[in-house]
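Chain by chain, the residues run as shown.
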Amino acid sequence: MRTRFVNLRVPTGGNTTGHAELVVEEGRIVTSVPSTSSTCGADEQWVNLGGALVLPGVVDGHVHFDDPGYTHREDFSSGTAAAAAGGVTCVVDMPCTSVPPVTSVDDLRAKVRVISPKAHVDYMLWGGVSAQCLAEPDWRERLAALAGRGVAALKVYTLSGMKSFGELSPGQLEQVLTEAARVGLPVGVHAEDAATVRGLERQLKECGAEGPLAYAASRPAAAEVKAVATLVELCEATGARTHVVHLASGEALDLVAAARARGLPISAETCPHYLAFTADDLDRLGSLLKTAPVVKSAQDRERLWRGLADGDLAFVASDHAAGQFPEEKHTGSFWTDYGGVPGVELLLPYLYSEGVCAGRITLERLVELTASGPAELFGVSRRKGRLEPGYDADFVVFDESETWKVHADRLHNLNRYTPFQGHLLTGRVHATYVHGQCAFRRASDGAELFGPAGMGRWVRREEWLDTTER
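In this text, all values refer to a predicted model and were calculated from it rather than measured experimentally.

Enquirer: Help me out: how do you make sense of the sheet that holds strand E13 (residues 315-316) in this one?
Expert: Each strand in a sheet pairs with its neighbour through backbone hydrogen bonds, running either in the same direction (parallel) or in the opposite one (antiparallel). Within the open sheet, the six strands sit side by side as E8-E9-E10-E11-E12-E13. Their pairing is parallel. Sheet topology places strand E8 (127-128) and E13 at the edges, where each strand pairs with a single neighbour. For E8 and strand E9 (residues 154-157), the ladder comprises two bridges, and the chain directions are parallel. For glycine 128, the partnering residue across the bridge sits in E9 and is lysine 155. Of the strands in this sheet, strand E10 (187-190), strand E11 (242-244) and strand E12 (266-270) touch helix H8 (residues 221-238), which is tilted by about 170° from E11.

As structure tokens, then:
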């Protein structure tokens, strides 16, 4: 049966909206038209959305849902339930925080077998290339095979704290970028200079330095700037589609913007915590805000907001990475406390509240930063990120006027802590639809309903998708 969603508004440019209807059949939008219908057809089911704002479903391009292997931190069921509650209809899960890391087709298949029955929303998967991979003679063939199975992109590190997923030297990174360009995959890079960070960390520990500001001093903006400068050089040398993940430094963003102005295929994302907090907040909040890269200065924060508005940043991702709480966040030393924060559920509400409502970005730009932008990088821009015919019927019913306070214990991921505790936000998700089916609904009395686990589908990069494996 066709479903006609009526009495709703959609973004029409800038901060304007227009009344519309969405007709959905077999999980796809078949018609997106101005609101004109007055009667329900015999073959249609009507859903009246009460005049609400409807946005394209969020594509969160950077999550760590830790499944299989680290499910004491997060699992795919809890992570995707939190995603649905936050208006995220597709997550792109990282390859490095599962066992084994997703660096081969066998690893990819094993992961999909575990997570597919748990998914409340659609998902894509990053593939990865670690230092361990490059020690194998067939690493190029393994990379190409991952591309052929539709991984969203490849993840690499220039600085890694994971023994199972080692960082790459500049020479190794150039090799990977060369191969990625050959098979047509973008490469996402954790960009901090290893020598800079390790040298400073060693000096600080030898001096007995401890605490949040010591950690921040070990990972200065200069480490990001140096790594991004190297990336720009390698992007130009190889022609590879290069993407800087979780960018925190304003000066590093300047380098990306200048390279893009020269026509290089490089882009960057940032995260809500870099837009909200500074090193002063890290000192105040402690390990609740420990991440890598670290939050930086107010000047860096403002440069990131400008980058969202002017197009220097491609999109915003959560970098959802929850540790076991409180054990892994309070180990007795800030150096060993787990680095990472949950964020998938707050991504859209935060950006609407502090971006659109605060006048920093338009509603139109919000949609680009949360939906169409990430869909383009991950090769699914013909089916995700827009409310147009032929696209997946993934959308969010959003109340622009509701003001609410963030409480960690009312979130839906496994380990419920957040540096946003107590923040007042304006704008809240009231329902999330995936392929036209309700994945989450918040009733007027506060009751919450989730769609069944397993309703989410594995989405593969379109240009590599074998249609016989849909």
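Enquirer: In this structure, what is going on with the layout of surface pockets? I would like to understand it.
Expert: Rolling a probe over the atoms, with the probe sized like a water molecule, indicates the empty space that remains. One number sums up the size of the largest pocket: a volume of about 960 Å³. Taken together, 34 residues form the lining of the largest pocket, with Ser160, Gly161, Met162, Ala292 and Gly339 sitting closest to its centre. Of all the secondary-structure elements, those providing two or more residues to the lining of the largest pocket are E9 and helix H6 (194-206). Counted by class, the lining of the largest pocket contains eleven nonpolar, twelve polar and eleven charged residues. The calculated volume of the second largest pocket comes to roughly 280 Å³. Pro11, Pro56, Val367, Arg386 and Glu388 are the residues nearest the centre of the second largest pocket, which is lined by 13 residues in total.

Enquirer: Looking at this model, I keep getting lost on the environment of threonine 278. Mind explaining?
Expert: Among the secondary structure elements, threonine 278 is positioned in the loop between helix H10 (272-276) and helix H11 (279-285). Accessibility expressed as a relative area gives 8% for threonine 278, which makes it buried. Sequence-wise, threonine 278 and valine 58 are 220 residues apart; in three dimensions their C-alpha atoms are separated by 26 Å. Non-local contacts of threonine 278, meaning those with residues more than four positions away in its chain, are made with Leu289, Val295, Lys296, Ser297, Ala298 and Arg301.

Basis of the calculations
- Here, residues in each chain are numbered from 1, in the same order as that chain's written sequence.
- Only residues with pLDDT of at least 70 are given local features in this predicted model, and only at 80 or more are side-chain atom pairs given and counted; all residues enter the totals for whole chains, interfaces and linings.
- Working from all heavy atoms in the structure, the side-chain values ignore hydrogens and water.
- Here, any two strands with at least 2 DSSP bridges between them count as paired.
- Each helix is a run of DSSP H or I of at least 4 residues and each strand a run of E of at least 2, with the numbering of both proceeding from the N terminus.
- Whether two residues are in contact is decided by their heavy atoms: any pair within 4.5 Å suffices.
- With axes taken as lines fitted to C-alpha atoms, and helix axes fitted only over the stretch in contact, angles between N-to-C directions fall between 0 and 180 degrees.
- Put simply, the grid is 1 Å and covers the protein atoms alone, a cavity is a trapped set of points that fit a 1.4 Å probe, a pocket is an open set with protein on both sides within 12 Å along at least five of seven lines, and lining residues have an atom within 4 Å of a point.
- Grid points are joined across faces, edges and corners, and a volume is the space filled by probe spheres set on the points.
- When residues are sorted by character, Ala, Val, Leu, Ile, Met, Phe, Trp, Tyr, Cys and Pro go into the nonpolar class, Asp, Glu, Lys and Arg into the charged class, and all the rest, Gly among them, into the polar class.
- Only protein chains enter the accessibility calculation, which uses a 1.4 Å probe; a residue whose area is less than 20% of its type maximum is buried, one above 50% is exposed, and one in between is partly exposed.

From the geometry alone we can't say anything about function, so treat these as descriptive.
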